[in-house]
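# Fold and contact review
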Amino acid sequence: MELLKENKSAMSKKADIVIITYNCRDFTLKCIQSLYQYNSQEINDIIIVDNNSNDDSIEIISNLFPKIKIIKNPENFGYAKAVNIGMDNAKTDIVIVSNADVEYSHNSVRNLLNTFEIDSKIAVTGPQQFYPNEKNQYSWGYTPSLKNVLIQLFSLSVFSYLIYDKIYRNQEKIIDVSYADGAVLAIRKSIFDSLNGFDEVYFFYTEEADFCYRAKKSGYRVVNNTAAKVTHYRGASTTLSGPNEKSVAMMFDTVYLFCQKHLSQFQTKYYFRLLLLNYKKIKLIYNFLSKFKSDAVFQSKIININLYINILKKLIKKNGL
């Protein structure tokens with residue numbers, strides 16, 4: 001971990017912002033407004049890459065913000081390909097890739113830019129994300145591996161998250177992470193280009209984990225900057241009512257793609273078996289706690305765990321794992 005020190009040379013830098021949109025007009029407008037209101041000095045251009053929305057997003061945005069560059073894809077290419085299209089049109093050394101359902105706070109872009117002044121080996125940094133109710137969101141995660149799934153199974157990851165949540169989140173720290181959450185990624189464009197960008201085999205989910213994994217394998221750093229803060233609504237292009245069968249299945253399918261690409265057949269097999277075991281462990285804990293807690297939020301968590309377990313079982317059976 002490193003303390004983030006303000007670097008005046010970074011303050012003169014600007015970033016292109018690439019926002020990926022799909023049928024989320026209101027979120028996109030809030031995102032743009034927050035960038036201009038709180039971070040205008042650090043913005044070079046805003047580039048909207050729209051995955052063929054069928055609402056009036058593009059018309060409204062172009063009317064309100066005529067200087068913004070808008071790229072409308074002829075079909076929904078998925079997130080990874082849309083990011084690559086946006087990055088191809090970006091010109092700055094550091095480019096910030098953003099979901100549409102993100103609101104930027106004061107100096108969040110500046111703080112992301114400052115990160116790269118610390119070490120030329122930093123390829124990616126993400127901000128600290130918060131829910132609209134100001135509760136902390138986990139802004140980074142563990143890439144799939146036997147080591148990391150064992151950490152989850154024995155609940156060791158809980159301690160990592162607790163340390164982060166209680167200590168580092170409220171300080172201005174640079175923390176090395178396995179991968180930064182893809183809602184907001186500040187990326188060094190030269191490294192992005194050298195790694196051939198996002199792998200377009202991922203339609204939605206896991207593309208950021210794959211890129212961060214490849215960056216770290218190439219000797220670069222992936223970090224989280226707790227000084228940069230954003231609000232992330234989560235799910236603007238999928239669902240705001242929690243996980244559903246389609247989105248969860250898509251998520252696990254992309255994790256399987258990641259494992260096929262980066263892990264051996266043995267590692268992939270036992271990664272998913274241990275992951276299933278971990279969810280069953282969580283279910284046992286929830287079933288025990290349900291004796292003392294029975295509110296609607298808690299019951300929805302139990303339903304979600306059962307959904308994850310059922311879809312994992314189908315994936316394991318389908319792929320002979």
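Nothing here was measured: the structure is a model prediction, and the numbers come from that model.

Here is what the cut-offs are and how they apply
- Residues numbered from 1 in each chain as written.
- Predicted model: local features only at pLDDT ≥ 70, side-chain atom pairs only at ≥ 80, totals over all residues.
- Heavy atoms only, no water.
- Helix = DSSP H or I, 4+ residues; strand = E, 2+ residues; numbered from the N terminus.
- Polar contact = N/O pair within 3.5 Å; in protein donor to acceptor, adjacent residues only side chain to side chain.
- Contact = heavy atoms within 4.5 Å.
- Patch = residues over 30% accessible without salt bridge, like charges linked within 9 Å, V, L, I, M, F, W, Y side chains within 5 Å.
- Areas by Shrake-Rupley, 256 points an atom, 1.4 Å probe, with all protein chains shown as cover.
- Salt bridge = Lys/Arg side-chain N within 4 Å of Asp/Glu carboxyl O.
- Buried < 20%, exposed > 50% of the residue type's maximum accessible area, 1.4 Å probe, protein only.
- Phe/Tyr/Trp six-rings, centres within 6.5 Å; stacked < 30°, edge-to-face > 60°.
- Lys NZ or Arg CZ within 6 Å of the ring centre and 35° of its normal.

## Description of the side chain of Ser-145
Within the secondary structure layout, Ser-145 lies in the loop between strand E8 (140–141) and helix H6 (146–153). A polar side-chain atom of Ser-145 sits 3.0 Å from the main-chain amide nitrogen of Asn-148. Once residues lying within four places of it in the same chain are set aside, the contact partners of Ser-145 are Leu-263 and Tyr-271.

## Digging into a nonpolar patch on the surface
Taken together, Ile-285, Phe-288, Leu-289 and Phe-292 make up a surface patch of nonpolar side chains, about 420 Å² in accessible area. On the basis of relative accessible area, Ile-285 is assigned to the partly exposed category, the value being 42%.

## Focus on the packing of aromatic side chains
Evaluation of the coordinates by the stated rule reveals 15 aromatic pairs. Summarising the aromatic geometry, the rings of Phe-192 and Phe-211 are spaced 5.3 Å apart at their centres and angled 40° between planes, so their arrangement reads as tilted. Linking Phe-192 in helix H8 (residues 189–194) with Phe-211 in helix H9 (residues 207–217), this pair joins segments that are 19 residues apart in sequence. Of the two residues, Phe-192 and Phe-211, both sit in the buried class. Look at Tyr-271 and Phe-272: their rings are 5.3 Å apart centre to centre, the planes differ by 85°, and that puts the pair in the edge-to-face class. Each member of the pair Tyr-271 and Phe-272 is classed as buried. One aromatic cluster is present, formed by Tyr-79, Phe-204 and Tyr-205 through successive ring pairs. Seen from the ring of Phe-77, Lys-81 lies directly overhead, with NZ or CZ sitting 4.1 Å from the centre. If you follow Arg-273 out to its NZ or CZ, it ends over the ring of Tyr-270, 5.4 Å from the centre.

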